[in-house]
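A look at the structure
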Amino acid sequence: MKALKHLNKYFFKYRYRLIIGVIITIIAKIFALFTPRLVGASINVVSDRLDGKITEEVFRSELMINILYLIGAAVVAGIFTFLMRQTIINVSRYIEFDLKNEIYQHYQVLSLNFYKSNRTGDLMNRISEDVGKVRMYVGPALMYTINTITLFTVAIIYMVNTAPKLTLYTLLPLPFLSVAIYKLSRMINKRSTIVQQSLSTLSTYSQETFSGISVIKSYGIEPKTYNEFEELSAENRQKQINLTKVQALFFPLMILLIGISNLIVIYVGGMQYMNGEIENIGTIAEFIIYVNMLTWPVATVGWVTSLVQQAEASQERINEFLKTKPDITNKAKALTPIKGDIEFKNVSFVYPDTNIEALKDVSFTLKSGETLAILGKTGSGKSTILDLIGRLYDIDNGTILVDDSVISDLNLYSLRESIGYVPQDAFLFSDTIKNNIKFGKEDATDDEVIEAAKNARVHKNIIDFKNGYDTVLGERGITLSGGQKQRVSIARAIIKKPDILLFDDCLSAVDTETEEKILKNLIKLTKDKTTIIVSHRVSSAKNADQIIVLDDGKVIQTGSHESLINTDGYYKELYTKQLSEKEM
Ligand SMILES: Nc1ncnc2c1ncn2[C@@H]1O[C@H](COP(=O)(O)OP(=O)(O)OP(=O)(O)O)[C@@H](O)[C@H]1O
């Protein structure tokens with residue numbers, strides 16, 4: 001129950017609703033328990049009439065009164081049972097909502113490293129399935145516990161008052177029922193977890209094959225993937241069958257135990273009636289109804305125990321993530337406006353998860369408004385530099401200064417707000433093109449969106465689509481080409497008009513002619529902005545104020561285009577190669 005303490009703050013938040021729920025449950029049960037008494041009394045009236053103890057008139061009027069009371073009690077109990085669900089189950093939905101939001105909000109502040117070391121499926125599971133299991137504790141488990149306690153207390157008082165010895169015999173099988181249901185519930189839970197795991201393997205497999213369907217089709221490996229799917233599916237079927245076997249035992253077990261209890265009531269009650277230990281035959285009918293009313297609450301004790309155990313395990317998994325602290329924290333609470341000077345002083349960086357030393361002793365200075373181009377072989381550390389400027393990671397060695405302040409001393413949100421970043425793999429949301437561009441500036445007007453798209457040379461492509469800027473992308477809509485995606489992603493960054501622009505090889509899928517035109521627009525737009533362009537092409541770098549060439553995390557060349565094409569080395573080689581390719 002330690003992990004579940006986390007939920008106490010929510011119980012406190014909804015305390016009034018919960019208290020009302022408890023009161024309503026007690027009222028509902030008290031009225032529900034009028035039924036056995038009234039049925040018993042009615043049978044006694046019939047018995048008295050048969051024995052000639054009462055007249056026909058009295059018999060009719062007493063029976064009618066009992067029937068009216070029965071209907072009245074059933075209606076009141078029904079209304080309060082409805083209200084009981086409306087309060088307690090609703091509270092569980094509120095808490096589920098709050099907990100989901102709490103987890104999501106926490107996910108958002110966690111650093112990239114967290115997302116690397118935990119699989120997306122796991123993150124999704126904890127926010128959906130685990131929260132669902134915790135809700136079962138907050139809602140149904142709590143409701144059934146209050147229900148059982150109230151029902152038992154009231155019923156036992158009634159029963160003991162009527163026939164104490166018979167009460168003892170009636171209740172005798174119930175603890176066995178509770179233990180049996182508990183054991184069965186545990187078995188069901190174990191098997192359902194196994195089914196869940198196998199279902200998640202099956203859906204991950206299908207999801208991956210759907211995402212990679214073009215690769216599967218072009219390699220003609222559909223039969224292989226089909227066989228693999230069939231194997232996984234057969235495994236899942238077997239696990240489902242194993243689960244159904246134990247689930248199928250649940251109700252027969254309950255019926256068996258109710259049957260035994262009924263038999264005991266009839267046998268012991270009958271004997272006692274004949275011995276004169278109980279006065280009225282109606283008591284037996286009353287007790288049979290008690291047995292039936294108490295069986296389900298007793299069964300729920302076992303079920304609720306296993307619900308609580310599951311909720312505890314789920315909350316533990318949730319707490320594990322909630323306790324994870326973000327690696328990157330905001331130290332400066334006040335906003336810090338950013339101008340855009342950037343300086344790397346002997347920066348070295350090792351990726352914590354892979355231990356790869358991505359940067360070694362890197363230094364450069366970039367004044368606000370200047371442009372830096374970074375070139376280098378694949379894996380040489382270019383993207384890492386951009387990630388460090390956005391403070392997605394903190395460095396181990398050296399210093400990164402932005403506007404002469406150590407980067408970690410700046411307000412994190414001000415820093416990120418001042419950056420327009422175009423990643424290597426353009427990511428667009430399943431939304432309209434317009435909203436994808438406006439993602440960079442939520443309050444942008446349509447004209448601003450069009451201007452940004454024109455500058456990114458994607459406007460013409462967009463208006464060619466039937467729905468223009470309202471064209472939906474992604475799973476529900478069309479798929480853009482690699483180059484179109486990159487250009488929409490550029491439009492998203494420039495619409496923001498940030499002080500620092502970071503372009504990570506974002507023109508790689510664009511032909512050189514369009515690249516040239518985009519670069520021309522960018523030169524105009526980024527005149528007074530600090531700009532870093534990562535590229536594999538000299539054409540993207542040649543207009544930069546400064547160029548650095550990286551190799552295996554180290555800066556091997558620095559200078560302007562003019563100076564570097566006149567110096568032997570990587571840049572000159574690349575320039576000559578790309579020039580001859582262009583001429584061909
Ligand atoms: N998130 C990460 N976690 C661990 N290692 C990483 C991560 N990102 C990059 N690396 C490693 O760091 C090194 C530098 O990677 P980086 O992405 O900065 O290179 P790059 O020059 O941008 O490459 P490319 O031109 O192919 O994009 C590589 O060896 C890479 O495997």
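The model shown is predicted, which means the values in this text are computed figures rather than measured ones.

Cut-offs and rules
- Residues numbered from 1 in each chain as written.
- Predicted model: local features only at pLDDT ≥ 70, side-chain atom pairs only at ≥ 80, totals over all residues.
- Helix = DSSP H or I, 4+ residues; strand = E, 2+ residues; numbered from the N terminus.
- Rg over C-alpha atoms; globule rule 2.2 N^0.38 Å.
- Buried ≥ 20, exposed ≤ 12 C-beta atoms within 10 Å, placed from the backbone.
- Contact = placed C-beta atoms within 7 Å.
- Domains from an automatic or database assignment.
- Nonpolar A, V, L, I, M, F, W, Y, C, P; charged D, E, K, R; others polar.
- Axes fitted to C-alpha atoms, helices over the stretch in contact; angles between N-to-C directions.
- Parallel < 35°, antiparallel > 145°, perpendicular 65-115°, else oblique.
- Left-handed = near helix turned anticlockwise from the far one by under 90°.
- Pairing = 2+ DSSP bridges.
- Near = placed C-beta within 6 Å.
- UniProt positions renumbered as here; feature names shortened; annotations may be inferred.
- Core = buried A, V, L, I, M, F, W, Y, C linked by C-beta atoms within 7 Å.
- Expected span 1.5 Å × (residues − 1).
- Bend = angle between axes of the 7 residues up to and from the residue.
- pLDDT = per-residue confidence, 0-100.

Time to look at the overall build of the protein chain. When its secondary structure is counted, the protein chain shows 21 helices and 10 strands. Relative to the 2.2 N^0.38 estimate, which gives 25 Å for 584 residues, the radius of gyration of the protein chain is 36 Å and therefore markedly larger than a compact globule would have. Within the protein chain, the fraction of its 584 residues that count as buried is 32%. Sequence-distant contacts, at least 24 apart, represent 79% of the contacts inside the protein chain between residues at least 6 apart.

All right, on to the domain arrangement of the protein chain then. One frequent convention defines the size of an interface as the accessible area lost when the parts assemble. Structurally, the protein chain comprises domain 1 (3–323), domain 2 (329–418 + 500–584) and domain 3 (425–497). Taking the mean C-alpha position of each, domain 2 and domain 3 sit 25 Å from one another. For the side of domain 2 that touches domain 3, the element with the highest residue contribution is helix 18 (residues 512–525), accounting for 5 residues. Here the side of domain 2 that touches domain 3 is composed, by residue class, of 7 nonpolar, 2 polar and 1 charged.

The next subject is the packing of helix 6 (residues 120–162) against helix 11 (residues 282–323). Interhelical geometry of helix 6 versus helix 11 gives an angle of 150° and a closest axis separation of 6 Å. Taken together, the axis directions place helix 6 and helix 11 in an arrangement best described as roughly antiparallel. By crossing handedness, the relation of helix 6 to helix 11 is classed as left-handed.

The next thing to look at is the environment of Glu222. Mapped onto the elements of the fold, Glu222 is located in helix 10 (residues 222–275). When the C-alpha positions of Glu222 and His561 are compared, they lie 50 Å apart, and in sequence the two are 339 residues distant. With residues up to four places along the chain from it excluded, the contact list for Glu222 reads Ile216 and Lys217.

Most of strand 3 (residues 371–376) is tucked away: 6 of the 6 residues are buried. The alternating pattern of strand 3 places Thr371, Ala373 and Leu375 on one face and Leu372, Ile374 and Gly376 on the opposite face, and all of these are buried. As judged from the 5 bridges shared by strand 3 and strand 9 (residues 546–551), these two strands associate in the parallel manner. If you follow Leu375 over to strand 9, its bridge partner there is Val549.

By nearness alone, 15 residues border the ligand, and Tyr351, Thr378, Lys382, Ser383 and Thr384 come closest of all. When residues of the shell around the ligand are assigned to their parent elements, the largest contribution, 3 residues, is made by helix 12 (residues 382–389). For the shell around the ligand, a count of residues per class yields 3 nonpolar, 9 polar and 3 charged.

Turning next to the UniProt feature "transmembrane region" (unreviewed entry) in the protein chain. In the numbering used here, UniProt assigns the "transmembrane region" (unreviewed entry) feature to residues 20–43, 63–83, 141–160, 166–184, 246–267 and 287–308. For residues 166–184, helix accounts for 89% and strand for 0%, while the C-alpha atoms at its two ends are 29 Å apart.

With that out of the way, let us pick up the packing of helix 4 (residues 56–109) against helix 6. For the pair helix 4 and helix 6, the least separation of the axes is 9 Å and the interaxial angle reads 155°. Between helix 4 and helix 6, the angle is such that the two are roughly antiparallel. The element helix 4 and its partner helix 6 pack so that their crossing is right-handed. Contact residues: Met84, Ile88, Ile89, Ser92, Ile95, Glu96, Leu99, Lys100, Ile103, Tyr104 and Tyr107 in helix 4; Leu123, Arg126, Ile127, Val131, Val134, Arg135, Val138, Gly139, Leu142 and Met143 in helix 6.

One finds Ile374, Ala491, Leu502 and Ile547 to be the most contacted residues of the largest nonpolar core, which totals 66 residues. The dominant element in this core, judged by the number of residues it contributes, is helix 17 (residues 482–494), at 5 residues. Mapped onto the domain boundaries, this core takes at least three residues apiece from domain 2 (329–418 + 500–584) and domain 3 (425–497). Ignoring sequence-local partners within four residues, the contact set of Ala491 consists of Ile437, Ala452, Ala453, Ala456 and Val458. Core analysis: the second largest hydrophobic core is formed by 49 residues, Tyr10, Leu174, Val304 and Leu307 among them.

Note: strands within a sheet are paired through backbone hydrogen bonds, in either parallel or antiparallel orientation. Strand order in this open sheet of 6 strands is 6-7-8-3-9-10, and the pairing throughout is mixed. The sheet is open, and its two borders are formed by strand 6 (419–422) and strand 10 (554–559), each paired with just one other strand. Neighbour to neighbour, the strand axes of the sheet diverge by 15° on average, direction disregarded. Together, strand 6 and strand 7 (500–504) form the strand contacts of helix 17, whose direction differs from that of strand 6 by roughly 180°.

This brings us to the sheet that holds strand 2 (residues 357–366). On the basis of which strands lie adjacent, the open sheet formed by 4 strands has the order 2-1-4-5 and antiparallel pairing. Each edge of the sheet is formed by a strand with only one pairing partner; in this case those strands are strand 2 and strand 5 (405–406). Sheet analysis places strand 1 (residues 342–350) next to strand 2, joined by 6 bridges and oriented antiparallel. Bridge assignment links Val350 to a residue of strand 2, and that residue is Glu357. Helix 12 contacts strand 1, strand 2 and strand 4 (397–402) of the sheet and is inclined by roughly 65° relative to strand 2.

You can see Ile288 is positioned in helix 11. Along the sequence, Ile288 and Asp341 sit 53 residues apart, while their C-alpha atoms lie 85 Å from each other. Ile288 has contacts with Asn262 and Val265, leaving out every residue within four places of it along the chain.

Turning next to unusual backbone geometry. Its identity is not glycine, yet Asp403 carries a phi of approximately 50°, on the positive side. By secondary structure assignment, the location of Asp403 is in the loop between strand 4 and strand 5. The exposure class of Asp403 is partly exposed, given the 18 C-beta atoms found within 10 Å. If you check the backbone angles, Asp404 has positive phi at about 65° while not being a glycine.

Look at helix 11: 60 Å from first C-alpha to last across 42 residues, which is about the 62 Å you get at 1.5 Å a residue. At Thr295, helix 11 shows its maximal bend, which comes to roughly 30°, and the proline Pro297 appears one to four places after that position.

Attention now moves to the environment of Tyr69. Tracing the backbone shows Tyr69 in helix 4. Given 16 C-beta atoms within 10 Å, Tyr69 falls into the partly exposed group. Residues Tyr69 and Phe34, 35 residues apart in the sequence, show an inter-C-alpha distance of 8.5 Å. If we ignore the near neighbours within four places in the chain, the residues touching Tyr69 are Phe34 and Leu38.

Moving on, we come to the confidence of the model for the protein chain. On average, the protein chain scores 88 in pLDDT, and the residues at 70 or more come to 99%. Model confidence for the complex is summarised by a pTM of 0.76, with the ipTM given as 0.95.

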